[in-house]
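A structural walkthrough
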Amino acid sequence: MRIVFILGSLVLFISCGQKKIQPTGVVSKNAMVVSAREEASKIGLEILKQGGNAFDAMVATELALAVAYPFAGNLGGGGFMVYRKNDGSIGALDYREKAPIAAKRDMYLDSLGNVIPGKSIYGGLSIGVPGTIAGVFETHRAFGSLPIKEIIAPIIELAETGVVVTKKQALRLEKYREAILRETGEQTHFYNQCIEGDTLRYQALAETLKQISKEGLGGFYEGPVADKLVDFIQDKGGIITKKDLLSYNAAWRQPVVFNYKDLKLISMSPPSSGGVTLYQMFKMMEPYKLSDYGHNSQKYVQLFTEAARRAYADRNYFLGDPDFVDIPLDVLLTKSYVENRMDNFSFDKATSSSDIGHGQIKIMESQETTHYSIVDKEGNAVSVTTTLNGAYGSKIYCDELGFFLNNEMDDFSAKPGAPNMFGLTGAEANSIAPGKRMLSSMTPTIVEKDDQLYMVVGSPGGSTIITAVAQTIMNVYEFDLSMQEAVNAPRLHHQWKPDYIIFETEGFSEDLKDGLKSVGYKINTDPTPILGKVDAIKVLVNGSLEGGADKRGDDTAVGY
Ligand code: DON
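Residues numbered from 1 in each chain as written. Predicted model: local features only at pLDDT ≥ 70, side-chain atom pairs only at ≥ 80, totals over all residues. Heavy atoms only, no water.

Some points on helix α18 (residues 510–518)
- Leu512, Lys513, Gly515 and Leu516 are the residues of α18 that are buried. Down the axis of α18, the sector holding all buried residues measures 160 degrees, keeping them to one side. What points out from α18, more than 90 degrees from its buried face, is the exposed set Glu510, Asp511 and Ser518.
- Contact partners of the buried residues in α18: α13 (298–318) and β17 (502–503). (Buried < 20%, exposed > 50% of the residue type's maximum accessible area, 1.4 Å probe, protein only. Helix = DSSP H or I, 4+ residues; strand = E, 2+ residues; numbered from the N terminus. Arc of directions from axis to C-beta. Contact = heavy atoms within 4.5 Å.)

Structural data, given as structure tokens:
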């Protein structure tokens, strides 16, 4: 009898395909929010407790981050959401910034055709038309259940009562204070030095939020807020007009969906490169037994690097805004094409990025950051990455309205082959055009296992977002780390060009690096304290949720 029971348990254990991995992060039974700030996670969770769903909590968390985490949370930026409802239906919302109507292909070049350093990063010309408010209203219109006013009320209160400055935030504000003063002027809210424990109140932002709460979408894209915003941006040398704001729209997209072994990944499609690049990397690695190599072993690092090298080469060449360019997704997302790209890979010798171009795809002539994860008690999941691009975006803070403006225009390819601030080189597909969206690396992702929700994951980090997300999923699935361990584990990065591996300062041995060098890998020796900042949720075997809140920031998982 006992033997039958043990055998039975064993069969059940194996057939479920689940190994016993002890959670080490926050565990909750019903619902969870993981974001870059405790205040934002708590406001999102409060909405869930009041009976709101994951989409209501998305609105709340997104706007709360604009108050509590102005480093990346925003009203003046944009983002992407991938969702999976509890009935298995999926979708993706693109609320990425757009180039202003007056934008020109060569707007960052001098008369000799050279890129003018800094022009796409600082000043009014670096600002793309903001999409965040359109994103939250579209999410709410499609799936929200609580009245928008009820969702925004606690955020207005947070802006008025203020947010206590953390140690990490004080350091960040100090690091960028000079640039903020230079770009915004000395009259700004951020003039005074902040120290840990100070309370920052945002009365102007509270007033803007009141306007939005009262007027809806028109409270931002029309009327007094829009008037002030346009005047302010133009004053700073920008070219955004009222027409740009009025014509902005968030767009629903088909997410990129694919299997990796027995997982199903659902990730962001263009104009983000996240899903396509993730697809290529995972498919290049799928034929190998990663778990046998060991976590962050030399063989794993080699395989991961070579997959990233090839996938980023394609990313940079083929991808852009699908509303403007024809992307050969039918080939880029094909297993045989991707596997062929690994034909010249060997564990004996590093491939050189100069030997790797984009894949040869025949195109018909006529065709031309911060992340948060939410699961509600019904099992609806949203994965959202939102950004101003650089730290505090363009560093231009609109004091009258209470928020920073993005510098997302730098994500365009100012000139084919010229690197942007993340060292990414782009091509024709990502050239500037009026109303076009700049290519992104944001990779909000949801993972299913056995047709059930398994993981919600994403990260900030510019070009390193995609590799951070890929490693986190691999850490859980291939290397049996808990969600929290997977998020905290040391990370590496490679992006084709420049041709070197970047390792986080902590967590990779000299032996590993020597081994890699001996087979021809170049390693960046500049100290890189952190790569990405992942906030994720995993569904445990018993249905509870484990949060993975990145130790690299003030990130916090809360649940009930
Ligand atoms: O969309 C992108 O790929 C970038 N604008 C993201 C910027 C970012 O993650 C900044 N964080 N380090």
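Structure shown, so let's carry the discussion forward.
Describing the environment of Leu405
- Here Leu405 lies in strand β13 (residues 403–405).
- As a C-alpha pair, Leu405 and Gln495 span 90 residues in sequence and 27 Å in three-dimensional space.

Things to note about helix α6 (residues 167–184)
- Taking 1.5 Å as the rise per residue, α6 with 18 residues should run 26 Å; its terminal C-alpha atoms sit 24 Å apart, in good agreement.
- Of all the bends in α6, the largest measures some 50 degrees and sits at Tyr176.
- Lining the buried residues of α6 we find α3 (54–68), β5 (163–164), β6 (199–200), β12 (396–398) and β13.
- One or two positions beyond α6, positive phi appears at Gly185, with a value near 110 degrees. (Expected span 1.5 Å × (residues − 1). Bend = angle between axes of the 7 residues up to and from the residue.)

Side note on the environment of Leu48
- Tracing the backbone shows Leu48 in helix α2 (residues 38–49).
- Using a relative accessible area of 3% as the deciding quantity, one classes Leu48 as buried.
- A sequence separation of 207 residues divides Leu48 from Pro255, and the C-alpha atoms of the two residues are 25 Å apart.
- If sequence neighbours within four positions are ignored, Leu48 has contacts with Ala31, Met32, Val33, Asn53, Ala54, Ala57, Ile374, Val375, Asp376 and Tyr560.

Focus on the pattern of salt bridges
- Per the stated rule, a full pass over the model turns up 32 salt bridges.
- Among the salt bridges present, the one from Arg84 reaches Glu448, with a minimum N-O distance of 2.7 Å.
- Classification of Arg84 as buried rests on a relative accessible area of 6%.
- Here Arg253 and Asp323 are joined by a salt bridge, their closest N and O atoms 3.0 Å apart. Of this pair, Arg253 sits in strand β7 (residues 251–253) while Asp323 sits in the loop between α13 and α14 (329–332), and the two are 70 residues apart along the sequence.
- Residue classification places Arg253 among the buried residues on the basis of a relative accessible area of 13%. (Salt bridge = Lys/Arg side-chain N within 4 Å of Asp/Glu carboxyl O.)

Things to note about the environment of Phe258
- Relative to the helices and strands, Phe258 is located in strand β8 (residues 256–260).
- A relative accessible area of 5% places Phe258 in the buried class.
- In the structure, Phe258 is positioned 229 residues away from Lys29 in sequence and 28 Å away in space, judged by C-alpha atoms.
- Leave out the neighbours within four places in its chain, and Phe258 touches Leu263, Lys264, Leu265, Gly275, Leu278, Tyr279, Phe282 and Lys283.

Looking at the packing of aromatic side chains
- In the structure shown here, the tally under the stated rule is 29 aromatic pairs.
- When the centroid spacing of 5.8 Å and the interplanar angle of 55 degrees are considered together, the rings of Tyr300 and Phe304 count as tilted. Residue Tyr300 and its partner Phe304 are located together in helix α13, separated by four residues, close to a single helical turn.
- Aromatic rings pair up to connect Tyr69, Phe71, Tyr176, Phe190, Tyr202, Tyr392, Tyr397 and Phe404 into one cluster.
- Lying across the ring of Phe71, Arg172 places its NZ or CZ 4.7 Å from the centre.
- Lys299 extends its terminal NZ or CZ atom over the ring of Phe347, reaching a point 4.7 Å from the ring centre. (Phe/Tyr/Trp six-rings, centres within 6.5 Å; stacked < 30°, edge-to-face > 60°. Lys NZ or Arg CZ within 6 Å of the ring centre and 35° of its normal.)

Remarks on the nonpolar core
- With 85 residues, the main nonpolar core has Leu265, Met281, Phe282, Ile473 and Phe503 as its most contacted residues.
- Setting aside residues up to four positions removed in sequence, Phe503 forms contacts with Val301, Arg491, Leu492, Phe508, Leu512, Lys513, Leu516, Ile523, Thr528 and Leu531.
- In terms of nonpolar packing, the next biggest core, distinct from the first, is built from 84 residues, Ala36, Leu146, Leu388 and Val558 among them. (Core = buried A, V, L, I, M, F, W, Y, C linked by side-chain atoms within 4.5 Å.)

Considering the packing of α2 against α3
- One can describe the packing of α2 onto α3 by two numbers: an axis separation of 8 Å at closest approach and a directional angle of 155 degrees. In terms of axis orientation, α2 runs roughly antiparallel to α3. The two elements α2 and α3 meet at a crossing, and its hand is right-handed. Contacts from Glu39, Ala40, Ile43, Gly44, Ile47 and Leu48 of α2 reach α3 at Ala54, Asp56, Ala57, Ala60, Thr61, Ala64, Leu65 and Ala68.
- Of the residues contributing to the contact of α2 with α3, the split by class is 10 nonpolar, two polar and two charged. (Axes fitted to C-alpha atoms, helices over the stretch in contact; angles between N-to-C directions. Parallel < 35°, antiparallel > 145°, perpendicular 65-115°, else oblique. Left-handed = near helix turned anticlockwise from the far one by under 90°. Nonpolar A, V, L, I, M, F, W, Y, C, P; charged D, E, K, R; others polar.)

Topic: the site of the ligand
- Lining the immediate surroundings of the ligand are 14 residues, of which Thr369, Asn389, Glu408, Asp411 and Ser441 lie closest.
- The separation between an oxygen atom of the ligand and a polar side-chain atom of Ser440 is 2.7 Å.
- Burial of the ligand by the protein amounts to 86% of the accessible area it has alone, namely 340 Å².
- Tallied by class, residues from the shell around the ligand come to four nonpolar, seven polar and three charged. (Near = heavy atom within 4 Å. Polar contact = N/O pair within 3.5 Å; in protein donor to acceptor, adjacent residues only side chain to side chain. Areas by Shrake-Rupley, 256 points an atom, 1.4 Å probe, with all protein chains shown as cover.)

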